[in-house]
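The chain contents come next:
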Amino acid sequence: MKILYNWPKKVFNNSFIFLSIAFASNFVVNLTSVLFSIFATDMGFSTSETGLAISALTAGALVGGPLWGRLIDKFGKRKVALLISLLGQALFCSFTPLAHHLLSLVIVRFLFGFFMVAQALILNELIVKIEEERRRSREISNTNIARGVGYSLGCLCSGFLGDLHPNFSFYLGSLVAILVFFITFYLQEEPGKVAPLPQAKNHTKHWILQKGIAPFYFSIFLRSTAVNGLSYFLPLFWKNMGQTTALIGLVLAISNLAQLFFFPLSGKISCRSDLMAFRSARFGFLLTTIPFLIAPFSYRGALIFLPQCILSISWAFFYIGATLALRSFTPLQRQGEALGWVETSLNFGGIVGPNLFAFSLSSFNNNFPPAFLSLSFLPLIAFFIFRRNEERFISRN
């Protein structure tokens, strides 16, 4: 009987739980969001209303990022935060198909994003604080591989379920979140509370006001703005060019697998030093410009895989590099909050990007190619800002 009682604790160890959360978080988000523009237009919403609904999810994550990070830094209750996050995600995911009016849809997607963002933040915070280089490299690679697999399967299931019925994606996403919610009960939380900051270190309270911090986050925002504009409307472009929903989901899923081969490489490079972390992120910025230039011409045959494939590889270098680069200028006691601001920058771009692309699309009379090209300069600007910041922070250390 004791063996039967203890076997879940042995199977559901912390590493397994963290990988499950990483997988489920991206699976649910992409299952319900990657083809959301098609879902919303099928529900009768206009292009501008669709952009607003897409932005609501990232607005919720934008508000939730710093708040979750501050709470975790102060109280250290990661298990409780994860349970609340998963339950809220499951609840509002299931409510989405019931929101037939714009206001209700915006509220539901906002709350979905608010609860969802805590999961990535907590996992990243745990990894960044690992001091051993080899273990940190392994953990960040495995976690992001799990995220990548979740992304691919989410895209794949979204495409096939979308052809059956659009609502099925949201109900499946809710079930997966509930399953991981129960698994998370077996998480073994570290004993003790986070110690309050000593009086002598109160200057860390205003770490975000240091010179160069704002440009660091602004460059992340610029990339996110461009990528979210492209990612949410590229499936609609393919749909208009005659591709089926199932094929679009398959293309997104297969293209995303490219990043799985580069996460270990990016993790190994970025963990060597702060300089290499900055350079990995900078390489990711540079790669991001390419899909905008080739997307207008890549919608038939094997070329349809190219834009999303390059975009997924750029994410592997950018995300791991930027996450680990935080160590060069963030106090240890504020790394949860710092990672919260990373999520905020990403999600603020998620608000602006779809609306900016929708505005650009309407300005070009729903002509997609010039709309894609109009956003291509944003990641290039972010690249040069990040390069300047790299020199500032490395010279400071």
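Report follows, based on the coordinates.

## Quick look at the overall build of the chain
Here is step 1: When you go through the chain residue by residue, the secondary structure sums to 16 helices and zero strands.
Here is step 2: Considering only intrachain contacts with a sequence separation of at least 6, the fraction spanning at least 24 residues in the chain is 86%.
Here is step 3: Accessible surface for the chain amounts to roughly 16,900 Å². Of this, 68% is attributable to carbon and sulfur atoms.

## Concerning the packing of aromatic side chains
Here is step 1: Scanning the entire structure with this criterion turns up 27 aromatic pairs.
Here is step 2: Ring geometry for phenylalanine 285 and phenylalanine 386: centres 5.0 Å apart, planes at 45°, overall tilted. With phenylalanine 285 in helix H12 (residues 274–294) and phenylalanine 386 in helix H16 (residues 377–396), the pair connects residues that are 101 residues apart, well separated along the chain. An identical accessibility class is assigned to phenylalanine 285 and phenylalanine 386; each is buried.
Here is step 3: In this structure an aromatic cluster arises from ring pairing among Phe216, Tyr217, Phe278, Phe285, Trp315, Phe318, Tyr319 and Phe386.
Here is step 4: Over the ring of phenylalanine 112 we find arginine 109, and its NZ or CZ is 5.1 Å from the ring centre.

## Focus: helix H9 (residues 213–240)
Here is step 1: With 28 residues, H9 extends 41 Å between its outermost C-alpha atoms, agreeing within 8% with the 40 Å of an ideal straight helix rising 1.5 Å per residue.
Here is step 2: A maximum bend of about 35° is found in H9 at phenylalanine 233, where proline proline 235 lies one to four positions downstream.
Here is step 3: For H9, the tally of buried residues reaches 22 of 28 residues, placing the bulk of the element in the interior.
Here is step 4: Glycine 242, located one to two residues past H9, shows a positive phi value of around 100°.

## Let's talk about the nonpolar core
Here is step 1: In terms of nonpolar packing, the biggest core is built from 108 residues, with Phe216 and Trp238 touching the most fellow members.
Here is step 2: With 15 residues, H9 is the largest single contributor of residues to this core.

## Regarding empty space enclosed by the protein
Here is step 1: One pass over the structure, following the stated rule, counts two cavities of 30 Å³ or more.
Here is step 2: Taken as a whole, the largest cavity holds about 880 Å³ of empty space.
Here is step 3: In terms of lining, the largest cavity is formed by 34 residues, of which the most central are Val29, Asn30, Tyr151, Asn228 and Trp315.
Here is step 4: Contributions of two or more residues to the lining of the largest cavity are made by helix H2 (14–33), helix H4 (47–75), helix H6 (102–128), helix H7 (133–164), H9, helix H10 (245–256), helix H13 (306–325) and helix H14 (335–363).
Here is step 5: For the lining of the largest cavity, the leading source of residues is H9, giving six residues.
Here is step 6: Looking at the lining of the largest cavity residue by residue, the class counts come to 15 nonpolar, 16 polar and three charged.
Here is step 7: If you add up the space inside the second largest cavity, you get close to 30 Å³.
Here is step 8: Ser33, Phe36, Ala53, Ile54, Leu57, Arg109 and Tyr232 are the residues that line the second largest cavity.

## Quick look at the packing of helix H11 (residues 263–270) against H13
Here is step 1: Where H11 meets H13, the axes come as close as 9 Å, and the angle between the chain directions of the two elements is 30°. If you check the angle between H11 and H13, you find them roughly parallel. As H11 runs across H13, the sense of the crossing is right-handed. The segment H11 lies against H13, with Phe263, Leu265, Ser266, Gly267 and Ser270 engaging Trp315, Ala316, Phe317, Ile320, Gly321 and Leu324.
Here is step 2: Of the residues belonging to the contact of H11 with H13, the class tally is seven nonpolar, four polar and no charged.

## Concerning the packing of H9 against H10
Here is step 1: In contact at an axis separation of 10 Å, H9 and H10 are set at 135° when each is read in the N-to-C sense. Looking at the two axes, H9 sits oblique to H10. For the pair H9 and H10, the crossing hand works out as right-handed. Two secondary-structure elements touch here, H9 through Pro235, Trp238 and Lys239 and H10 through Thr245, Ile248, Val251 and Leu252.
Here is step 2: Residues belonging to the contact of H9 with H10 are distributed by class as follows: five nonpolar, one polar and one charged.

## Considerations on H11
Turn by turn, an α-helix covers 3.6 residues, leaving residues three or four places apart pointing in a common direction.
Here is step 1: Where H11 is concerned, the buried positions are Phe263, Ser266, Gly267 and Ser270. Buried residues of H11, viewed axially, fall in a sector of 100°; they line one side.

## Points about the environment of phenylalanine 18
Here is step 1: Structurally, phenylalanine 18 can be placed in helix H2.
Here is step 2: Separated by 128 residues in the primary sequence, phenylalanine 18 and alanine 146 place their C-alpha atoms 9.3 Å from one another.
Here is step 3: In this structure, phenylalanine 18 is in contact with Leu123, Leu126 and Leu187, ignoring residues within four places of it in sequence.

Parameters and conventions
- Residues numbered from 1 in each chain as written.
- Predicted model: local features only at pLDDT ≥ 70, side-chain atom pairs only at ≥ 80, totals over all residues.
- Heavy atoms only, no water.
- Helix = DSSP H or I, 4+ residues; strand = E, 2+ residues; numbered from the N terminus.
- Contact = heavy atoms within 4.5 Å.
- Areas by Shrake-Rupley, 256 points an atom, 1.4 Å probe, with all protein chains shown as cover.
- Phe/Tyr/Trp six-rings, centres within 6.5 Å; stacked < 30°, edge-to-face > 60°.
- Buried < 20%, exposed > 50% of the residue type's maximum accessible area, 1.4 Å probe, protein only.
- Lys NZ or Arg CZ within 6 Å of the ring centre and 35° of its normal.
- Expected span 1.5 Å × (residues − 1).
- Bend = angle between axes of the 7 residues up to and from the residue.
- Core = buried A, V, L, I, M, F, W, Y, C linked by side-chain atoms within 4.5 Å.
- 1 Å grid on protein atoms, 1.4 Å probe; cavity = no way out; pocket = protein on both sides within 12 Å on 5 of 7 lines; lining within 4 Å.
- Points joined across faces, edges and corners; volume = space filled by probe spheres on them.
- Nonpolar A, V, L, I, M, F, W, Y, C, P; charged D, E, K, R; others polar.
- Axes fitted to C-alpha atoms, helices over the stretch in contact; angles between N-to-C directions.
- Parallel < 35°, antiparallel > 145°, perpendicular 65-115°, else oblique.
- Left-handed = near helix turned anticlockwise from the far one by under 90°.
- Arc of directions from axis to C-beta.

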